Amino acid sequence: MSNPQASQNRYRADLREMKFLLFEQFRLGDVLGRAPFEAWGVDEASMVLDETYKFACEVLGPLNSTGDKSGCRLEGGRVLTPEGFKDAWTKLYEAGWKNVSVNPDWGGQGAPHALFALVEELLSGANTAFNMYPGLAHGAAEVIQLFGTDRQKSAFLPRLYGGQWGGTMCLTEPHAGSDVGSSRTTAKKLPDGRYQIRGTKIFISGGDHDMADNIVHLVLARVEGAPPGTKGLSLFIVPRLRVKDDGTIEGSNDVAVGSIEHKMGINGSATCVLNFGENDGCIGELVGEVENHGMAQMFKMMNGARIAVGVQGVAVASSAFLNALEYARDRKQGPSIDHWKDPTAPRVAIVEHADVRRMLLEMKAKVEGIRALIVKLALHQDMVHVHQGSDDQKAQYHQGQVDLLVPLVKAYGSDQAFRVCEMAIQTYGGAGYIKDYPVEQYCRDAKIFSIYEGTNHIQAMDLVGRKLAQRGGQNLQEFLGDVAAFVQKNQGHPTVGPYLAELGAAQEALAGTAMRMLTWFQTGRMAMVPLAANRFLEMMSAVAVGWLLLEGAVLASEKAASLPNDESSARDRAFYEGKRHAAAYYARHVLPEVRSHAEILGREDRSPLDIPTDAFASL
Amino acid sequence: MKILVALKRVADPDNANKVKIPASGEKIDTTGLEWKPNPFDEYALEAALRLTENGTQPKVRAGEVVVVTFGPKETETTLRAALATGADRAIRVDASDDKLDGDLVARALKALVEKEKPDVVLMGKQAVDGDSNQVGQILAELLDWPMATFAATIREEAGALLVGREVDGGVSTLRVKLPAVVTVDLRIVAPTSVYSTKTPSTHKYNDGVRFAALPAIMAAKKKPLVEVKLADLAPDQALKVSYHGFAAPPARKAGIKVKDVSELVSKLKNEAKVL
Ligand SMILES: Cc1cc2nc3c(=O)[nH]c(=O)nc-3n(C[C@H](O)[C@H](O)[C@H](O)COP(=O)(O)OP(=O)(O)OC[C@H]3O[C@@H](n4cnc5c(N)ncnc54)[C@H](O)[C@@H]3O)c2cc1C
């Protein structure tokens, strides 16, 4: 508003849809007002969404394309973020949106994760690059809250949650990307119990910036003499400026920004090369004062970070879809197909053309389905919270579903987000390729989501190599059981019933493929597993998304039937009808792919393994 | 300082085309509309909050802001939002939207003012639905209080307000003794428009109305919101304004294409008669 550089906000969200998910489909109201969410009611949760959306559109949205154009600069060893970011950071922490779910002991409001996931969607959708900075500060704080000593918590948490300090996650090194275990950064124990850190980290998001007084790096490093591989990694708190026990700043800690990257997207987010201890003056402290637990601690944090990446995906894809929809209703081109031979027939808005409608409905179904999966996952997290200590069996079930669904949300959410953005550009036609419209930036910004926080293949291997076998395979069995129970219960449903056969068949194909992969493990055909992993993850995601969309459609048709049949409920009726059509589209156009994938995997084709590397091309 | 802010909810002005008029033309059909606070009243609330704080320490209240609205139960959403933005208390006068007019609202407000005894009554210069621009003026007359309308700036002085009003060709500044009625215009939410005696004159506010922050949303539930019967404030509920019919504005006629400039000039002269 007052910033001359600020451009127009292009972010769009559908709050009606978000509230449907939270309050109607997933009945968040049932857990609000009770421990541990005593302070919350539906009114508060709903107002938080309204106000966050307002904030997103007025403060963050106008900085999205300007930040993309100007990018970050490195001057005198410090990163300067795009104009307006610092002001937005201050306003964000004044408003408190980052602390919706933070434990009240640390100044938060203790809301369910399901609400926070949507708050995050609104912030990330309005300005993905900006929201990474506070997102990483939040993630770093969560690790310290979970694993830090009491002193570490009191020194770092209030400032990290309060926005005085930023935070990062430092895993990647030139020789250690997906292969985190080959990390070469070292830590040497000093007589006072702290550690001297030496090494170079690359691609560190928010590795430096000008919005906070200090930056708290969480650095994976190997203590001298520790075993090789991930088992020998420890996690250190390494602030940019040294901090006294009471949290006041002491001075330089020998952390230098070597350079910043020039990227395809998220240009407002500084991606840094960080050199720790070039002058032997970098001191870190061990998280929780335990060595060689770094990977386990990071993994805990990565669950949250991976969900956050799925949220980034749906956030951007959703706004791409809604912008494309707006454009399609406005842009006139060509006559209706009914008059295709008549050059004088009136030109219609492109939203009238079948192929444009196909793209719009596909985008809608994917966006809403993935959002439903995210809220489902977040609610599983909340239910762990609710049942912990009182009903361990239930808590275990929900935790199992969290573990199982995280790679789906991260990988399917990010892969499909990119595809939705690409389809949004296609919907616009030439205008979509032009920077006057937001979708080309969305597409560039969205590409990173399938790469960082573990590439999507790493997610797929996490799913098939670890998660499927967890608790003796029980997590997967319970997931398949939940889907089967839904199919069983609604088989005769007048509107949704016909699509359930597709879901049932997809669920069986998925279960069959899981069995097939198990035999690969058992019969020494391990090499087949990574070939199939990404496809398996996609199949399982499609089953999950199809299930939740159909569940929403069952509810929507009940709700629609109970509406008064007059003008006053036209909006609600249209909304519920939309839910039904999105589910129908997904069931008929996407779920059949699960069966076809199963069939393809069943052929056990090995050509990517068999082709000699020299045969790819004559390079 | 104690301030009473009158807030009205209006059909979302961004979706004004959703307002329907049934064929009978008897009244406006409000079913299915989305409601928003009247923007000018939101500005009045922002001005009231600025007058009851030190702008450099907005978390400390230095006065009281009471918001009041007239309407059915669901208008409490509008009041809760005002409480979340920073108002201290809320009053809902139970009433039906279509059984109110400016005169009745002003009479009821007068009774409420006599009970609440605020130093200032602040409200928007008009509501963007009916654009009547009456309640503030009638209320000031009924109370026999000084009044300043269309305020663009307000500076608190001991026992008075210095109110800047944008008029054709300049700014007219009025000093109104308290208690007083002030209605506000758009510019009242500019960064340097409103100063309480506590806010240093170097302080600059953010442009526009403040956001409801998370802690305030959570605290709003605990702030008092009471319901008052309209009959208790205004025993005589007769309306002075009666509406005889509503009609949508006529659809614009399609334009015509002219061959050349001379045809244009001739049409402007002979048909439109503007030359
Ligand atoms: C913009 C941006 C921001 C980033 N932010 C951060 C950050 O804040 N902190 C941080 O620590 N890192 C960050 N990263 C690093 C990011 O997490 C890594 O790029 C990512 O983990 C992949 O590592 P890599 O780039 O070295 O690719 P590689 O590991 O070299 O992978 C290249 C390809 O090989 C595949 N591959 C690799 N290993 C295997 C295997 N064992 N089996 C099968 N396939 C394999 C991958 O899937 C990929 O397709 C960021 C990166 C970017 C681009």
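About the cut-offs
- Residues numbered from 1 in each chain as written.
- Chains lettered and ligands numbered in written order.
- Predicted model: local features only at pLDDT ≥ 70, side-chain atom pairs only at ≥ 80, totals over all residues.
- Buried ≥ 20, exposed ≤ 12 C-beta atoms within 10 Å, placed from the backbone.
- Helix = DSSP H or I, 4+ residues; strand = E, 2+ residues; numbered from the N terminus.
- Contact = placed C-beta atoms within 7 Å.
- Nonpolar A, V, L, I, M, F, W, Y, C, P; charged D, E, K, R; others polar.
- Near = placed C-beta within 6 Å.
- Core = buried A, V, L, I, M, F, W, Y, C linked by C-beta atoms within 7 Å.
- Axes fitted to C-alpha atoms, helices over the stretch in contact; angles between N-to-C directions.
- Parallel < 35°, antiparallel > 145°, perpendicular 65-115°, else oblique.
- Left-handed = near helix turned anticlockwise from the far one by under 90°.
- Pairing = 2+ DSSP bridges.

1. Description of helix H1 (residues 15-25) of chain A
Okay, so step 1: Every buried residue of H1(A) is listed here: Glu17(A), Met18(A), Phe20(A), Leu21(A), Leu22(A) and Gln25(A).
Okay, so step 2: Residues of H1(A) that are buried in the fold lie against helix H2 (42-60), helix H5 (113-126), helix H9 (354-387) and helix H15 (528-561) of chain A.

2. Description of the interface of chain B and chain A
Okay, so step 1: The interface is formed by 16 residues belonging to chain B together with 23 residues belonging to chain A.
Okay, so step 2: Of all the secondary-structure elements, those providing two or more residues to the side of chain B that touches chain A are helix H2 (76-85) and helix H5 (214-220) of chain B.
Okay, so step 3: Per element, the largest residue contribution to the side of chain B that touches chain A is four residues, and it comes from H5(B).
Okay, so step 4: The class makeup of the residues in the side of chain B that touches chain A is nine nonpolar, three polar and four charged.

3. Here's the deal with the site of the ligand
All names here are of chain A.
Okay, so step 1: The ligand sits among 21 residues. The nearest are Leu 171, Thr 172, Gly 177, Ser 178 and Ser 205.
Okay, so step 2: Taken together, the elements giving at least two residues each to the shell around the ligand come down to strand S3 (165-170), strand S5 (195-205) and helix H12 (456-467).
Okay, so step 3: A per-class count over the shell around the ligand returns ten nonpolar, nine polar and two charged.

4. Points about the nonpolar core
Okay, so step 1: With 266 residues, the main nonpolar core has Cys421(A), Ala424(A) and Val5(B) as its most contacted residues.
Okay, so step 2: Of all the elements, helix H8 (residues 294-330) of chain A adds the most residues to this core, at 20 residues.

5. Quick notes on the packing of helix H13 (residues 470-490) of chain A against helix H14 (residues 497-522) of chain A
All names here are of chain A.
Okay, so step 1: Two numbers describe how H13 lies on H14: the axes approach to 9 Å, and their chain directions differ by 160 degrees. Our classification of the angle between H13 and H14 gives roughly antiparallel. The crossing of H13 and H14 is left-handed. In this structure, H13 uses Leu 476, Leu 480, Val 483, Ala 484, Val 487 and Asn 490 to contact H14, whose residues at the interface are Gly 497, Leu 500, Leu 503, Gly 504, Gln 507, Ala 511 and Ala 514.
Okay, so step 2: The class makeup of the residues in the contact of H13 with H14 is nine nonpolar, four polar and no charged.

6. Let's talk about the pairing of strand S9 (residues 170-177) of chain B
Residue and element names in this part refer to chain B.
Okay, so step 1: Examined bridge by bridge, strand S8 (residues 160-167) and S9 share eight bridges and lie antiparallel to one another. The partner of Val 167 across the bridge, within S9, is Gly 170.
Okay, so step 2: Counted between consecutive antiparallel strands, the loop separating S8 from S9 contains two residues, among which Gly 169 sits at a positive phi close to 80 degrees.

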